[in-house]
Protein chains: 2
Amino acid sequence: MSAPQTAPPLACPLPLGAHEHVVLGHGSGGRLSAELMRDIFMPAFNCPALAAQDDQAILPVEAGRIAISTDSFVVKPLFFPGGNIGELAVYGTVNDLAVGGAIPKYLSAAFILEEGLPFSTLKAVVDAMAAAARRANVEIVTGDTKVVERGSGDQIFINTTGIGVLPHRVQLGAARVEPGDAIILSGPLGDHGITILTQREGMELDGDLKSDAAPLHELCRALVEGVPGIHAMRDLTRGGLSSALNEMAATSKTGMELIEREIPVRDSVRGACELFGLDPLYVANEGKLIAFVPPEWAEAALEILRSHPVGAEARIIGSVTSAHPGRVTMRTSLGTERIVDMLAGDQLPRIC
Amino acid sequence: MSAPQTAPPLACPLPLGAHEHVVLGHGSGGRLSAELMRDIFMPAFNCPALAAQDDQAILPVEAGRIAISTDSFVVKPLFFPGGNIGELAVYGTVNDLAVGGAIPKYLSAAFILEEGLPFSTLKAVVDAMAAAARRANVEIVTGDTKVVERGSGDQIFINTTGIGVLPHRVQLGAARVEPGDAIILSGPLGDHGITILTQREGMELDGDLKSDAAPLHELCRALVEGVPGIHAMRDLTRGGLSSALNEMAATSKTGMELIEREIPVRDSVRGACELFGLDPLYVANEGKLIAFVPPEWAEAALEILRSHPVGAEARIIGSVTSAHPGRVTMRTSLGTERIVDMLAGDQLPRIC
């Protein structure tokens, strides 16, 4: 017979004493904190530095330069098509390190939990973080948990801070961007932001739209190794492409010229943007980057990006100019030119 | 005449456009985020790595070992006698690094702000962090700001993650604690926790009680250099002395024996503890440590601690034994012996 003879074993029951929900005592530093550590965090983030249970993790580094990046994650809802807050918390920080040319190594993870949070929710998030850390090849080496009263938080906020090591010759950054550089985008814009928005609005888009949340460490590594002339990379999270380009134009004192028809945007995302009056250039992504490379390196960079699943739809979307320092412009599909200004307000709060 | 001829210059007006309060757009990654960075964070945390405004800070390290520690701070109220959330956020992480024997070097700072927070409050906290970082000799090198809707947070939550470097020979940790070690406490217990509690209850204690919030990096450095035989240090934050000792007893598989009359507690703290039914051994401190040193090093360690203002009231409060591994006991002032168990619930939430 095809039906199983016995019920499948229960998913590991939560052995947190009598608690099914977070109470204030889980942030006390006492017995309940120790149980939380033993029953939720340690099994997921299985790591010797964490297991030592000192208040700091001690780790080897080579001489040279390290990169440090921090991000807090407050995304709402916690779970969405294509990911959840735990994956964002790992990939977000990993990506900030990777686009700087660093090899991500270690993460800290700090949780602010709202009293009453079901442990099943916490466990799902923590397990997702652990899987994301394995995929991104980083270790979660130290952590912290605080609990706030009901109504003083919103389920789970996570901070991750990442440490990466920089290979000796790597020197990337907005300040190195130069007129003539090709601007390469690793894939279509806006999937993450529009996924979150439609989830919140309870809308059904076409079935396959999901967050692009992904680690970019392999893509960045391949670019840094394969394109020695590369000047800068940046991931396109809050504020989207426009904020990243405007910031980099300001820092490098160059201008940026985009070609609208070269910028990939999925039909479903474009449709939702029209419906909500949003511009995909301003919508957040969680697995996209732009790279600035001298024109003679552009084709090589494109080939490297396209050979990786995360960069399969990469395109050259414009170039850097000395003509209008600090300003980003776009040649529209209608043949006109417009200024792509920085996001003025907040079109989508709590996107990450 | 003694009155000033002209009004004193205004405290630097906040140039954040038309805003006097945080709005959701300040977490957008767009123009408002950039203004927040330019007008509040950059002037306070004046640092070249931060000024580069890349999404990661790149910093030199020597070969060897680094220590990483993270903590989120949710203390309520934000300001209290002897400190505020900004100072705690710096000293808390600095102390976690320092007690591991590391020299604290770099901090990240990530803020979760509640919509509607007055900028004057944020600025006071950020300025306090900057001053605390100078005192603790660390640089705030990278950061992040998120904004959540009114009612989804509580004014300000801060995460700091710290990086320290470990001198080559330093090897400290709970696992190194040995029977015979003297247990040295750097000063009286409970000042921070009782200060927070009385503030929340709107009580007036005697005028001089205030938080003991202080950086311990100098004290730790002096101990590590002056007492080569030292085995471990730990700061006494959430869960107080009892949690620290119980954790260390469990890790080192030793017992701890305390002598109650040797444990310093201020009269005002003792009085408040009696009133609220608290035990000072379980109350949080933010500028106290315990050190474990072999008996032949105890006097030297005591002398080093007492020669620094932060450790002036240091005392030997007990010793490590092989008699009851994993258990902490105390010889009371009445001559009886009692078990000092781990904090079971949470006597004082949101203490740090």
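Cut-offs applied
Residues numbered from 1 in each chain as written. Chains lettered and ligands numbered in written order. Predicted model: local features only at pLDDT ≥ 70, side-chain atom pairs only at ≥ 80, totals over all residues. Heavy atoms only, no water. Least-squares fit on C-alpha atoms with pLDDT ≥ 70 in both. Contact = heavy atoms within 4.5 Å. Pairing = 2+ DSSP bridges. Helix = DSSP H or I, 4+ residues; strand = E, 2+ residues; numbered from the N terminus. Axes fitted to C-alpha atoms, helices over the stretch in contact; angles between N-to-C directions. Domains from an automatic or database assignment. Buried area = accessible area lost by both parts, 1.4 Å probe. Salt bridge = Lys/Arg side-chain N within 4 Å of Asp/Glu carboxyl O. Polar contact = N/O pair within 3.5 Å; in protein donor to acceptor, adjacent residues only side chain to side chain.

**Student:** Please explain the relation of the copies chain B and chain A as it appears in this structure.
**Tutor:** Think of it as a corkscrew move, a rotation about one axis and a shift along it, taking one chain copy to the other. With an RMSD of 0.0 Å, the fit of chain B onto chain A corresponds to turning through 180 degrees and sliding 0.0 Å along the axis. Here the symmetry operator amounts to a two-fold rotation axis. Rotation axis and chain B: the residue whose C-alpha lies nearest the axis is Ala63(B), separated from it by 1.8 Å. Mapped onto chain A, 100% of the interface residues of chain B again fall at the interface, so both copies present the same surface.

**Student:** What exactly am I supposed to notice about the sheet that holds strand β2 (residues 64–73) of chain A here?
**Tutor:** Where strands meet in a sheet, backbone hydrogen bonds hold them as pairs that are either parallel or antiparallel. Pairing is mixed across the open sheet formed by five strands, whose spatial order is β6(A)-β5(A)-β7(A)-β2(A)-β1(B). Across the chains shown, the open sheet's two edge strands, defined by having one partner strand only, are β6 (139–148) of chain A together with β1 (57–61) of chain B. Between one strand axis and the next, the sheet turns by 20 degrees as a mean value, whatever way the strands run. By the bridge criterion, five bridges tie β2(A) to β1(B) in an arrangement that is antiparallel. The residue of β1(B) that forms the bridge with Ile68(A) is Ala57(B). Packed onto the sheet, helix α3 (residues 85–98) of chain A meets β2, β5 (103–114) and β7 (156–166) of chain A and runs at close to 150 degrees relative to β2(A).

**Student:** Sorry if this is basic, but what is going on with the domain arrangement of chain A here?
**Tutor:** All names here are of chain A. If you check the domain split of chain A, you get domain 1 (24–166) and domain 2 (174–339). The interface of domain 1 with domain 2 comprises 20 residues on the first partner and 22 residues on the second. Counting each side, the surface lost to burial between domain 1 and domain 2 is near 1700 Å², with a carbon and sulfur contribution of 64%. Of all residues in domain 1, Pro81, Asn95 and Val99 bury the most surface against domain 2, accounting for 31% of the area lost on that side. Here domain 1 and domain 2 share zero salt bridges between them. Taken together, the links from domain 1 to domain 2 amount to five residue pairs in polar contact (both at pLDDT 80 or more).

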